[in-house]
Amino acid sequence: MQNTKVFILCAGEGKRLRPYTEHQPKCMVPYQGKPLVEYQLDLFAQQGFRDIVLIGGYQYTLLPKQATVVVNPDYAKTNMVYSLFCAQEQMDESCDWLITYGDIIYHASVLQAMLNAKESIAVATDVDWQRYWERRMEDPLKDAETFRWDTQTHRIAEIGKKPKTLADIQGQYIGFIKVAAQHTKTFKQAYQQFLSVHSKTAYMTDFLQFLIDQNIPLYGVPIHNHWAEFDTVQDLSLTLDWL
């Protein structure tokens, strides 16, 4: 049994996935006949995880019942960082914890790479992101974000800004983070500082950049595709050769 707690962010409405999200959360939209979040839940079950928290909001009563559900009642006026910390009472120093978006799926090898990460805060990073983005959209820069790191140590220097060229993107954050148990207090304290200067609608990458700016080290965990996000109806039509 894994001594790791999992937080899956499932609060959003997923407006760009309409009409599929008119009556259900984004994470419950089916891909190849199976709800997105079920891919993650099945993978975690196979790896022996037992402590899983779903952070819901929109249509949260439809979330799977095999996990603990924490509700962000202000989901319509907030964003992922706020949703995550609605569950901060569940964050303790007894174990490591994983934060993962509810609208992504990934291969067991991606999960294993994250579990093997020894850094205090680790961020799954697709270094082969461009070929996947080119399948999803005509202009890879349109929905990508900046990502800069030390190519030797993998310490991240910049994340989440609007790129001007492909050179601004050394990898792509996929929406999957690991926090080591001993870093729990630092992570939670940083959030309180973050709230004093950012709105409740801030993105997760805003928070990650804030940690970097506070000299709290973040490290990328390199992966090579083997994951997918589902943000638009077009994403649902793609075939994944690794699945």
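Refer to the structure printed above.
Residues numbered from 1 in each chain as written. Predicted model: local features only at pLDDT ≥ 70, side-chain atom pairs only at ≥ 80, totals over all residues. Heavy atoms only, no water.

Chemist: Is there a simple way to explain the overall build of the protein in this structure?
Modeler: When you go through the protein residue by residue, the secondary structure sums to 6 helices and 13 strands. Radius of gyration (C-alpha) of the protein: 17 Å, near the 18 Å computed for a compact globule of 243 residues. By its C-alpha atoms, the protein is 40 × 40 × 35 Å across when sized along the principal axes. Looking at the protein alone, contacts between residues at least 24 apart form 73% of all its contacts between residues at least 6 apart. When the accessible surface of the protein is summed, it comes to about 11200 Å², and 47% of that surface belongs to carbon and sulfur atoms. If the 23 positive side-chain charges of the protein are averaged to one point and the 28 negative ones to another, these points end up 3 Å apart. (Helix = DSSP H or I, 4+ residues; strand = E, 2+ residues; numbered from the N terminus. Rg over C-alpha atoms; globule rule 2.2 N^0.38 Å. Contact = heavy atoms within 4.5 Å. Areas by Shrake-Rupley, 256 points an atom, 1.4 Å probe, with all protein chains shown as cover. Lys, Arg positive; Asp, Glu negative; His and termini not counted. Charge placed at Lys NZ, Arg CZ, Asp CG, Glu CD.)

Chemist: How do you make sense of helix H6 (residues 204–213) when you look at a structure like this?
Modeler: Each α-helix winds once per 3.6 residues, and so residues spaced three or four apart point in a common direction. Within H6, 8 of the 10 residues are buried, which leaves it mostly tucked inside the rest of the structure. Looking only at H6, the buried set comprises Met204, Thr205, Phe207, Leu208, Gln209, Phe210, Leu211 and Ile212. Asparagine 215 lies just past H6 and shows a positive phi near 65 degrees. (Buried < 20%, exposed > 50% of the residue type's maximum accessible area, 1.4 Å probe, protein only.)

Chemist: Sorry if this is basic, but what is going on with the packing of helix H5 (residues 184–195) against H6 here?
Modeler: Angle between the axes and distance between the axes are the two parameters that describe a pair of packed helices. Running from N to C, H5 and H6 cross one another at 105 degrees; their axes reach a closest spacing of 10 Å. Compared by their axis directions, H5 and H6 come out roughly perpendicular. On H6, the residues touching Phe187, Ala190, Tyr191, Gln193 and Phe194 of H5 are Asp206, Phe207, Phe210 and Leu211. Across the contact of H5 with H6, the residue classes tally to 7 nonpolar, 1 polar and 1 charged. (Axes fitted to C-alpha atoms, helices over the stretch in contact; angles between N-to-C directions. Parallel < 35°, antiparallel > 145°, perpendicular 65-115°, else oblique. Nonpolar A, V, L, I, M, F, W, Y, C, P; charged D, E, K, R; others polar.)

Chemist: So what exactly am I meant to see when it comes to the packing of aromatic side chains here?
Modeler: Geometrically, a pair of aromatic rings is defined through the distance of the ring centres and the angle of the planes. Enumeration over the complete set of coordinates arrives at 20 aromatic pairs. Between tyrosine 31 and tyrosine 39, the ring centres sit 6.4 Å apart and the planes meet at 50 degrees, which makes this aromatic pair tilted. With a relative accessible area of 1%, tyrosine 31 lands in the buried category. With relative accessibility at 14%, the residue tyrosine 39 sits in the buried group. When the centroid spacing of 6.2 Å and the interplanar angle of 55 degrees are considered together, the rings of tyrosine 58 and tyrosine 75 count as tilted. Taken together, the residues span a long stretch of sequence, with tyrosine 58 in the loop between strand E4 (52–56) and strand E5 (68–71) and tyrosine 75 in the loop between E5 and helix H2 (80–85) at a distance of 17 residues. Feature note: the residues Phe7, Phe85, Trp97, Phe187, Tyr191, Phe194, Phe207 and Phe210 constitute an aromatic cluster, connected by ring pairs. Between the NZ or CZ atom of lysine 34 and the centre of the ring of tyrosine 39, over which it lies, the distance is 4.6 Å. Against the face of tryptophan 133 rests arginine 136, its NZ or CZ located 4.9 Å from the ring centre. (Phe/Tyr/Trp six-rings, centres within 6.5 Å; stacked < 30°, edge-to-face > 60°. Lys NZ or Arg CZ within 6 Å of the ring centre and 35° of its normal.)

Chemist: Teacher, can you tell me more about the environment of asparagine 79 here?
Modeler: On the secondary structure map, asparagine 79 appears in the loop between E5 and H2. In this structure, the C-alpha to C-alpha distance between asparagine 79 and serine 196, residues 117 residues apart in sequence, is 16 Å. Look past the residues within four positions of asparagine 79 in its chain and what remains in contact with it is Lys200, Thr201, Ala202 and Tyr203.

Chemist: How should I be thinking about the pattern of salt bridges in this particular structure?
Modeler: Pairing between side chains of opposite charge can happen when the charged atoms of each approach one another. The full count for this structure, using the stated rule, is 10 salt bridges. The shortest N-O distance in the salt bridge between arginine 136 and aspartate 235 comes to 2.8 Å. Of the two residues, arginine 136 is situated in helix H4 (residues 129–136) and aspartate 235 in the segment after strand E13 (227–229); the sequence distance between them amounts to 99 residues. For aspartate 235, a relative accessible area of 3% puts it in the buried group. One network of salt bridges, in which partners are shared, links Arg16, Lys26, Asp103 and Asp231. (Salt bridge = Lys/Arg side-chain N within 4 Å of Asp/Glu carboxyl O.)

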